[in-house]
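Structure at a glance
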Amino acid sequence: VETGAALGVAFDGDADRALFVSHTGKIIDGDAFLYLAGTALKNKGRLPGDVIVATVMSNLGLEKALAANHIALIRTPVGDKYVLEEMLKRQAALGGEQSGHVIFSDFATTGDGILTALRVFETLRDSGKTFDSLTDEIKTFPQQLVNIRVKEKRPLNTLTSVQREIAAAEEEFNGGGRVLVRFSGTEPLARVMIEAPSEASVMKWTTRIAEAIRAELGAIE
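Anyway, here's the lowdown on the structure attached to this text. These figures come from a predicted structure and were not determined experimentally.

Examining the overall build of the chain
- Within the chain one finds 7 helices and 10 strands.
- For 221 residues, the compact-globule estimate of 2.2 N^0.38 gives 17 Å, and the chain sits close to it at 19 Å.
- With respect to the principal axes defined by its C-alpha atoms, the chain has extents near 55 × 40 × 35 Å.
- The proportion of buried residues among the 221 residues of the chain is 48%.
- Looking at the chain alone, contacts between residues at least 24 apart form 60% of all its contacts between residues at least 6 apart.

Encoded structure:
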C-alpha cells in the first residue's frame, strides 16, 4: 500500500505455496485465488466438467461463489496428494488448498508458487480489473477451528452426544453453514471446525460440540 504496488505475493519456504495482497492491502488466500482462476478458465472454455477440487477446509463462501457461476466444488481430505488424486480422477484443470497450494494440471502435478503467481498476473492482465473487484463475489463465512486434546480416540459415529450436537448445528444452519469434526492423524487431538453466517453462531456451536467431545472422550488440559 505504501509503495502503490498493484499487488504483493508471499511464498512459503520451499515456494510451493503463494498468498497475495491486493493494492488496498486485502489478503487473497488460496480460496479467493481458486475462484479467480476458476472463473477465468471457465470463461475461456478451459475448465473440464466445470469442476474445481479443494479440501474440506475451503470456506463455504468459495463454494457458494463458484455455484453462482455454475462451477462445482469437489472436496477432499486435507493434503495436496488428495487434491491431485481427485483432479486426476475427474480430469480437472484446477485444484488447491486455502493455504495457497494450487495445482494447474495443464502445467504441473504439484503446487508451484512461482507458477501460481504468474497465473495470477496473467489473469489480472487479461481482465483489466483489480484483485479486489475480481474476488468481490466471495463472501467469506466466519470460521473457527478448535483442537481438543483427548485421552482416547473412538469412532465419532459412536459418540452419541457429539452426534446430537452436530445434527442440531446442521439443522440450524440449514445449508448456510458447515460442521467438520475429525481426529488428527498424528496427535491425540479432535478438531472441530465451524462455519456459519455469524460469529455468534460459530462460537455457540464450536463451544457446544467441543464440550460434548470433552465429556465423551476426556480432555487433556
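That shown, we press on.
Describing the pairing of strand β10 (residues 189-195)
- Burial within β10 is extensive, with 7 of its 7 residues counted as buried.
- Residue alternation in β10 divides its side chains into two sets, Leu189, Arg191, Met193 and Glu195 and Ala190, Val192 and Ile194, and both sets are buried.
- Bridge analysis of strand β8 (residues 143-149) against β10 gives 7 bridges, and the strand direction is antiparallel. The residue of β10 that forms the bridge with Asn147 is Arg191.
- In this structure, strand β9 (residues 178-183) lies alongside β10, joined through 6 bridges in antiparallel fashion. Looking across to β10, one finds that Arg178 is bridged to Glu195.
- Connecting the antiparallel pair β9 and β10 is a turn made up of 5 residues.

Examining the sheet that holds strand β3 (residues 27-28)
- Taken in spatial order, the 3 strands make up an open sheet running β1-β2-β3, and their pairing is antiparallel. The sheet is open, and its two edges are formed by β1 (7-11) and β3, each paired on a single side.
- Bridge count for strand β2 (residues 18-22) against β3 is 2 bridges, and the pairing is antiparallel. The partner of Val21 across the bridge, within β3, is Ile27.
- Contacts between helix α4 (residues 113-127) and the sheet are confined to β1 and β2, with β1 contributing the most and set at about 165° to the helix.

Some words on the layout of surface pockets
- Its volume calculated, the largest pocket comes out at about 280 Å³.
- Put simply, the parts of the chain that give the lining of the largest pocket at least two residues each are α1 (30-43), α4 and α5 (131-134).
- Examining the composition of the lining of the largest pocket, we find that 6 residues originate from one element, α1, more than from any other.
- Of the residues contributing to the lining of the largest pocket, the split by class is 5 nonpolar, 6 polar and 4 charged.

Re the sheet that holds β10
- Taken together, 3 strands build an open sheet; the order of strands is β8-β10-β9 and the sheet is antiparallel. Of all strands in the sheet, those bounded by a partner on one side alone are β8 and β9. Direction aside, the axes of adjacent strands within the sheet are offset by 10° on average.

Digging into the packing of aromatic side chains
- All chains considered together, the criterion is met by 3 aromatic pairs.
- Residues Phe20 and Phe33 carry aromatic rings whose centres are separated by 6.1 Å and whose planes lie at 40° to one another, so their mutual orientation is tilted. In this pair, Phe20 sits in strand β2 while Phe33 sits in helix α1, placing the two residues 13 residues apart along the sequence. An identical accessibility class is assigned to Phe20 and Phe33; each is buried.
- Members of the aromatic cluster, connected to one another through ring pairs, are Phe20, Phe33, Phe104 and Phe131.
- Arg119 extends its terminal NZ or CZ atom over the ring of Phe104, reaching a point 5.3 Å from the ring centre.

Remarks on the pattern of salt bridges
- Using the criterion set out here, one finds 15 salt bridges in the structure.
- Here Lys204 ties to Glu172 by a salt bridge, and the two come within 2.9 Å at their closest N and O atoms. Note that Lys204 is positioned in helix α7 (residues 199-217) and Glu172 in helix α6 (residues 160-173), a separation of 32 residues in sequence.
- Residue classification places Glu172 among the partly exposed positions, given a relative accessible area of 41%.
- Each of Asp12, Asp16 and Arg17 takes part in one network of salt bridges that share partners.

Definitions and cut-offs
- Residues numbered from 1 in each chain as written.
- Predicted model: local features only at pLDDT ≥ 70, side-chain atom pairs only at ≥ 80, totals over all residues.
- Heavy atoms only, no water.
- Helix = DSSP H or I, 4+ residues; strand = E, 2+ residues; numbered from the N terminus.
- Rg over C-alpha atoms; globule rule 2.2 N^0.38 Å.
- Buried < 20%, exposed > 50% of the residue type's maximum accessible area, 1.4 Å probe, protein only.
- Contact = heavy atoms within 4.5 Å.
- Pairing = 2+ DSSP bridges.
- Axes fitted to C-alpha atoms, helices over the stretch in contact; angles between N-to-C directions.
- 1 Å grid on protein atoms, 1.4 Å probe; cavity = no way out; pocket = protein on both sides within 12 Å on 5 of 7 lines; lining within 4 Å.
- Points joined across faces, edges and corners; volume = space filled by probe spheres on them.
- Nonpolar A, V, L, I, M, F, W, Y, C, P; charged D, E, K, R; others polar.
- Phe/Tyr/Trp six-rings, centres within 6.5 Å; stacked < 30°, edge-to-face > 60°.
- Lys NZ or Arg CZ within 6 Å of the ring centre and 35° of its normal.
- Salt bridge = Lys/Arg side-chain N within 4 Å of Asp/Glu carboxyl O.

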